[in-house]
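The primary structure of each chain is shown beneath.
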Amino acid sequence: MDLKIKIADIGPDGLTYNLDLPAHEAEERLGNQTGDEMRLAGPLTGRLRLEKAGQKVVVRGRVEARIRQACARCLEEYDHSVAEDVVLIFVPAVDSGPEEELEADALNQEAYSGEEIDLWPVVSEHLVLGL
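Quick caveat: nothing in here was measured; it's all calculated off a predicted structure.

Calculation criteria
- Note on numbering: residues in each chain are counted from 1, in written sequence order.
- For this predicted model, a pLDDT threshold of at least 70 governs which residues receive local features, and a threshold of 80 or more governs which side-chain atom pairs are given and counted, while totals over whole chains, interfaces and linings are taken from all residues.
- Side-chain calculation: all heavy atoms of the structure are included, whereas hydrogens and water are not.
- Each reported salt bridge corresponds to a side-chain nitrogen of Lys or Arg within 4 Å of a carboxyl oxygen of Asp or Glu.
- Each residue is assigned to one of three classes by its accessible area relative to the maximum for its type, calculated with a 1.4 Å probe on protein chains only: buried under 20%, partly exposed between the two thresholds, exposed over 50%.
- Buried Ala, Val, Leu, Ile, Met, Phe, Trp, Tyr and Cys residues that are joined via side-chain atoms within 4.5 Å together make up what is termed a nonpolar core.
- Elements are defined by DSSP. Helices are runs of H or I of four residues or more, strands are runs of E of two residues or more, and each kind is numbered from the N terminus.
- A contact between two residues is defined here by any heavy atoms of the two lying within 4.5 Å.

Can you lay out the pattern of salt bridges for me, pointing to particular residues and giving the numbers?
Under the defined criterion, the tally for this structure stands at eight salt bridges. For the salt bridge of Glu-64 with Arg-62, the shortest nitrogen-to-oxygen distance reads 3.2 Å. A relative accessible area of 35% places Glu-64 in the partly exposed class. Counted as one network, the salt bridges with shared partners bring together Arg-49, Glu-51 and Arg-60.

Okay, structure coming up:
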């Protein structure tokens, strides 16, 4: 499943993106990104609403998954539900020169370049934060 959205596809009424990623595919993507193995007990699902505000793209929604983990005490496996609300603003990338300290408003912003945005970093970050 491709999680890249063309900005031109986001109409004046916005765009709703329904996420339904099989567990094995989500595990593979997460492992490639973090280097850690994360086991899912079911699909990675969610619903994201994308709306344009000038050149910015506002993403709101929710991602959900069931993560299989081992108990730290007894090592018995159990499933843990993770559900995280997503609120993020994609802004056009600009060459800002040297890195600057982020202000509080910039913590929920992500830069994009080109004609599309990739939702996978948003989804995976919120999933990991939910743990």
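Just give me the short version of the nonpolar core, but keep the residues and values in it.
Counting residues in each nonpolar core, the largest one holds 30 residues, and the members touching the most others are Leu-44, Leu-50, Phe-90, Ile-117 and Leu-119. Elements represented by at least two residues in this core include exactly strand E2 (15-21), helix H1 (23-34), strand E4 (44-53), strand E5 (56-70), strand E6 (77-92) and helix H2 (120-130). Apart from the residues within four sequence positions on either side, Leu-119 is in contact with Leu-3, Ile-5, Tyr-17, Leu-48, Leu-50, Val-59 and Phe-90.

How would you explain the environment of Val-94 if you had to name every residue and give the values?
Mapped onto the fold, Val-94 is located in the loop between E6 and strand E7 (109-112). When the C-alpha positions of Val-94 and Tyr-112 are compared, they lie 9.1 Å apart, and in sequence the two are 18 residues distant.

By themselves, these figures tell us nothing about what the structure is for.
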